[in-house]
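Read off the chains here:
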Amino acid sequence: MELRELNENELGEVLGVHMPRDFPAEELRPEWTFRNMLSPGACRFYGLFSGERLAAYGDVVKGYGSDLLDFFAVMPELRGTGVGTAALRALAKMSGELILEVESPGAAPNGDTELLRRRRIEFYK
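In short, a report on the structure. For every chain, the first residue of the written sequence is number 1, and numbering continues from 1 along that sequence. The model is predicted, so local features are restricted to residues of pLDDT at least 70 and side-chain atom pairs to those at 80 or more, both for listing and for counting; the totals for chains, interfaces and linings are taken over all residues. Processing note: side-chain calculations cover all non-hydrogen atoms of the structure and skip hydrogens and water entirely.

This next bit is on the overall build of the chain. Numbered from the N terminus, helices here are DSSP runs of H or I no shorter than four residues, and strands are runs of E no shorter than two. Each helix and strand counted, the chain has four helices and five strands in total. Ordered by position in the sequence, the α and β elements of the chain form the string β-α-α-β-β-β-α-β-α. Computed over C-alpha atoms, the radius of gyration of the chain comes to 14 Å, within 12% of the 14 Å expected from 2.2 N^0.38 for 125 residues, which places it in the range of a compact globule. Projected onto its principal axes, the C-alpha coordinates of the chain cover approximately 35 × 30 × 30 Å. Under the scheme applied here, a residue whose accessible area is under 20% of the maximum for its type counts as buried, over 50% as exposed, and between as partly exposed, the area being computed with a 1.4 Å probe on protein chains only. In the chain, buried positions account for 39% of the 125 residues. Contact between two residues is taken to exist if any of their heavy atoms lie within 4.5 Å; hydrogens are not considered. Long-range contacts, defined as pairs at least 24 residues apart, comprise 54% of the intrachain contacts of the chain with a sequence gap of at least 6. Put simply, the chain shows about 7300 Å² of open surface, and 52% of that area lies on carbon and sulfur atoms. Note that the radius of gyration is over C-alpha atoms, with the globule rule given as 2.2 Å times the number of residues to the power 0.38. Here the accessible surface of atoms and residues is derived via Shrake-Rupley with a 1.4 Å probe, and residues count as covered only by protein chains that are part of the display.

If you want it as structure tokens, here you go:
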């Protein structure tokens, strides 16, 4: 598997197809906000590929000393296979120091959101 920065076509597919499928609508922000961050180099989108097939993706916001993993997802059919762990390790190695953001399960507005938040925390552990 290879981690590399997404090209324009891959980025369009991630922003237009994969992210709306992989994240609740209330967590997403408009595409232009991502694109505005790309131009000055404040943000980069990466994909973990198996050949030409996208296995996982994430965007990294550049910081001073540490980077923030903003959005991160594994293709649905590959979840639970170790792809996410491999992608996370590759992103962390590339960044040096990577901050992972999670939401508090106790502050979730409903049971489904609480479960999603707990699942995300367990993944990162």
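This next bit is on the sheet that holds strand β3 (residues 53-61). Judged by pairing direction, the sheet is mixed, and its five strands sit side by side in the order β1-β2-β3-β4-β5 without closing on themselves. Both edges of this open sheet fall to β1 (2-5) and β5 (98-100), since each of them pairs with a single strand only. For this sheet, the mean inter-axis angle between neighbouring strands, taken without regard to orientation, is 35°. Any two strands with at least two DSSP bridges between them are considered paired. The pairing of β1 with strand β2 (residues 43-50) spans four bridges and is antiparallel. Residue pairing in the sheet places Arg4 in a bridge with Gly47 of β2. An axis is simply a line fitted to the C-alpha atoms; with a helix, the fit covers only the stretch in contact. Between two such axes, the angle follows the N-to-C directions and lies from 0 to 180 degrees. Those strands touched by helix α3 (residues 83-95) are β1, β2, β3, β4 (67-74) and β5, and its axis lies near 160° from that of β4.

This part covers the pairing of β4. Within a regular strand, side chains alternate between the sheet's two faces. Burial within β4 is extensive, with seven of its eight residues counted as buried. In terms of strand pairing, β3 meets β4 through six bridges, oriented antiparallel. Each residue of the ladder has a partner; that of Val60, found in β4, is Leu69. With antiparallel pairing between neighbouring strands as the criterion, β3 and β4 make up a hairpin whose turn holds five residues, including Gly65 at a positive phi of roughly 95°. Of the strand pairs in this sheet, β4 and β5 are connected by three bridges, and their pairing is parallel. Paired with Leu68 across the strands is Ile99, a residue of β5. Considered for its hand, the β-α-β crossover made up of β4, α3 and β5 is right-handed. Crossovers are described as right-handed under a simple rule: with the strands pointing away from the observer, the path leading from the first strand over the helix to the second runs clockwise.

The next subject is the packing of helix α1 (residues 8-22) against helix α2 (residues 31-38). Working note: a packed helix pair is described by the angle between its axes plus the distance between those axes. With their axes 11 Å apart at the nearest point, α1 and α2 run at an angle of 150° to one another. In this view, α1 runs roughly antiparallel relative to α2, as classed from their interaxial angle. Both α1 and α2 take part in a crossing whose hand is right-handed. From α1, Glu8, Leu11, Gly12, Leu15 and Met19 reach across to α2, where they touch Glu31, Phe34, Arg35 and Leu38. Residue polarity follows a fixed list, in which Ala, Val, Leu, Ile, Met, Phe, Trp, Tyr, Cys and Pro are nonpolar, Asp, Glu, Lys and Arg are charged, and the others, Gly among them, are polar. In terms of residue class, the contact of α1 with α2 is built from five nonpolar, one polar and three charged. In what follows, roughly perpendicular refers to angles from 65 to 115 degrees, roughly parallel to angles under 35, roughly antiparallel to angles over 145, and oblique to any angle outside these ranges. Note on convention: near helix rotated counterclockwise from far helix by under a right angle means a left-handed crossing. Clockwise means right-handed.

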